[in-house]
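Coordinates in review
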Amino acid sequence: MSEAMTTFEDVDYSARKHYLSQTSEEKLEGIDPRLAECVRKVSGMCSDLNIQVIEGKRTEDEHKWLYEKGAARDPGHSVHLYGYAVDLGIFIGNRICLEAEVYDELVQGMIYAAQEVGIKLRWGGAPHIDDMREHDTAFIEDLSNSYIDKCREDSNRPLLDLHHFEIGIE
C-alpha cells in the first residue's frame, strides 16, 4: 500500500468538523470494544453531524433511577448494565435534536459500521429487528413504521428509542 493511501482505522477524526468529545470517549469506557468501534467509525463517517454518546454502561443504581423516572422499560434488566448498548445523540450547538428524521443518517452509518466490525446491530427505532445489517438498503422510516404496525397488531404501545443502539443477540 502506498503512503498516500490510508486504511479507515488510521483516520484522525480530530481533523473532521465533528468528532467524539472527551466526555463521549469516557462514556465508551466499559462498552464492548466492537460497539465502541462502531460509534467511533460512525462519528467519522457522519462527520457533518455532531454525534455524542449520551449513555454508555450504567450501574444498577443508575438503571433503577432511570426506571423510576420512566426512562427505562424494565426495572431489572438492560443491556446497558453489561456494556452492550449505547445511546447516541445528535447535537446542534448544545441542543440535542429529538426529531426522528435527523437520525436516519446516523442509523445508516451505524449499520455500515456494524457491517465493517462484524457485529449484529439492534436499534431502538425498530427493536423488532435483531440485525439491522440485513436491512441496509431499506428506508429507516419504513423500519420504524413496521415496528409501530407490529405493536398495533399486538395491541401494544410502541416505544421508539431513536438514540439506542445495542449488539444484537449472537
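The structure contained in this document is the topic of the report that follows.

Each value, and the rule that gives it
- Residues numbered from 1 in each chain as written.
- Predicted model: local features only at pLDDT ≥ 70, side-chain atom pairs only at ≥ 80, totals over all residues.
- Heavy atoms only, no water.
- Core = buried A, V, L, I, M, F, W, Y, C linked by side-chain atoms within 4.5 Å.
- Buried < 20%, exposed > 50% of the residue type's maximum accessible area, 1.4 Å probe, protein only.
- Contact = heavy atoms within 4.5 Å.
- Salt bridge = Lys/Arg side-chain N within 4 Å of Asp/Glu carboxyl O.
- Helix = DSSP H or I, 4+ residues; strand = E, 2+ residues; numbered from the N terminus.

Buried together is how nonpolar side chains tend to be arranged in soluble globular proteins. Formed by 34 residues in total, the largest nonpolar core has its most connected members in L88, L106, M110, M132 and F165. If near-sequence neighbours (up to four positions away) are discounted, M132 is found in contact with V107, I111, L121, R122, W123, A126 and L143.

So, about the pattern of salt bridges. The tally for this structure, following the rule as stated, stands at twelve salt bridges. One salt bridge in this structure joins R40 and E25, with 2.8 Å as the shortest N-O distance. Note that R40 is positioned in helix α2 (residues 33–45) and E25 in helix α1 (residues 22–27), a separation of 15 residues in sequence. For R40, a relative accessible area of 29% gives the class partly exposed. A salt bridge links K41 to E37; its shortest N-O distance comes to 3.8 Å. Here K41 pairs with E37, and both are found in helix α2, just four residues apart, close to one helical turn. K41 sits in the buried class, given a relative accessible area of 4%. Residue classification places E37 among the partly exposed positions, given a relative accessible area of 32%.

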